Amino acid sequence: RASDGTLNELLRLDGSASSVNLPDNVKLNFGDSDLQIYHDGSQSRISDTGTGRLTIETNGDSIRLTKGTSENMAVFTPDGSVDLYYDGAKKFETTTDGILLSGNGYLDMPDNGRIRMGAGYDFALYHDSSSSIISNTTGHLDLKNTGGDIRLYSELNDRDIIFNTTTGGTTSELMRLDGSTSRVG
């Protein structure tokens, strides 16, 4: 009963629709309200409010998060891949060798976002908002090519390609390919 003495419907068993209906904000509680399932009037919610974690288990072929009944958002396959989708198109997949990007294959990162490799993250590719950087902090940095030329381009007119070296903490120019004169200087 409500405070004014009227009866409130909290549960409806509808045999014709083979369903159990709960009104908005009526929670289906499990345990000591550790797990709650309800609709708050605008959002559907599964709320883990207890200790531990919320675990979703399957012995089936996958766990799927979908928009409606047919558009995948994420697919988790036991002993297999994790697939992430954008607007129904697969964009990211884990594989036995690592990851696979689909579509245009772009990996968009903000300034100073880094792709880091190596056990100590000793190799990195990044952009710091003014320069693009290849950073190697151990061993040699080798450029290897088994076919064709290795080419360095400066696609703006009159730009130089500069090779610097650092000795004793001082950086000095070792060689300059002068774009305005097409000479080595």
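Heads up: these notes are all about the structure in this document. (Residues numbered from 1 in each chain as written. Predicted model: local features only at pLDDT ≥ 70, side-chain atom pairs only at ≥ 80, totals over all residues. Heavy atoms only, no water.)

**Notes on the pairing of strand β8 (residues 82–86)**
Relative to β8, strand β7 (residues 71–76) runs antiparallel, the two being bridged by 3 bridges. Among the inter-strand pairings, F76 is bridged to a residue of β8, identified as V82. In this antiparallel pair of consecutive strands, β7 and β8, the connection spans 5 residues, and D79 shows a positive phi of 55°. Across 4 bridges, the pairing between β8 and strand β9 (residues 89–95) is antiparallel. What sits directly across from Y85, in β9, is K90. Count of turn residues in the β8/β9 antiparallel hairpin: 2 residues, of which D87 carries a positive phi of about 50°. (Pairing = 2+ DSSP bridges. Helix = DSSP H or I, 4+ residues; strand = E, 2+ residues; numbered from the N terminus.)

**Looking at the environment of D122**
Assignment of secondary structure puts D122 in the loop between β11 (114–117) and β12 (123–127). For D122, a relative accessible area of 23% puts it in the partly exposed group. It is 24 Å that separates the C-alpha atoms of D122 and T94, two residues lying 28 residues apart in sequence. In this structure D122 touches M117, S135, N136, T137 and T138, once residues within four positions along its chain are discounted. (Buried < 20%, exposed > 50% of the residue type's maximum accessible area, 1.4 Å probe, protein only. Contact = heavy atoms within 4.5 Å.)

**Quick word on the sheet that holds strand β3 (residues 28–30)**
If you trace the 3 strands from one edge of the open sheet to the other, you get β3-β4-β5, paired in antiparallel fashion. A strand with exactly one partner marks an edge of an open sheet, and here the two such strands are β3 and β5 (44–48). Averaged over all pairs of adjacent strands, the angle between strand axes in this sheet comes to 10°, irrespective of strand direction. (Axes fitted to C-alpha atoms, helices over the stretch in contact; angles between N-to-C directions.)

**Some details on a nonpolar patch on the surface**
On the surface, L13, V20, L22, L28, F30, I37, I46, L54 and I56 cluster together to form a nonpolar patch covering roughly 880 Å² of accessible area. Position of I37 among the secondary structure elements: in strand β4 (residues 35–39). (Patch = residues over 30% accessible without salt bridge, like charges linked within 9 Å, V, L, I, M, F, W, Y side chains within 5 Å. Areas by Shrake-Rupley, 256 points an atom, 1.4 Å probe, with all protein chains shown as cover. Salt bridge = Lys/Arg side-chain N within 4 Å of Asp/Glu carboxyl O.)

**Re the layout of surface pockets**
Looking at the largest pocket, its volume works out to about 330 Å³. Lining the largest pocket, in full, are F123, L125, S130, S131, S132, I134, L141, D142, L143, L152, Y153 and I161. By residue class, the composition of the lining of the largest pocket is 8 nonpolar, 3 polar and 1 charged. (1 Å grid on protein atoms, 1.4 Å probe; cavity = no way out; pocket = protein on both sides within 12 Å on 5 of 7 lines; lining within 4 Å. Points joined across faces, edges and corners; volume = space filled by probe spheres on them. Nonpolar A, V, L, I, M, F, W, Y, C, P; charged D, E, K, R; others polar.)

**Concerning the packing of aromatic side chains**
In total, this model carries 0 aromatic pairs according to the counting rule given. Of note, R114 hangs over the ring of Y126, and the distance from its end group to the ring centre comes to 3.6 Å. Between the NZ or CZ atom of R116 and the centre of the ring of Y121, over which it lies, the distance is 3.9 Å. (Phe/Tyr/Trp six-rings, centres within 6.5 Å; stacked < 30°, edge-to-face > 60°. Lys NZ or Arg CZ within 6 Å of the ring centre and 35° of its normal.)

**Observations regarding the sheet that holds β11**
If you trace the 3 strands from one edge of the open sheet to the other, you get β11-β12-β13, paired in antiparallel fashion. Looking at which strands have only one partner, the edges of the open sheet turn out to be β11 and β13 (132–136). On average, each strand axis in the sheet is tilted by 10° relative to the strand beside it, whichever way the strands run. Summarising the sheet, β11 and β12 pair through 4 bridges and their orientation is antiparallel. Note on β12: the bridge partner recorded for R116 is A124.

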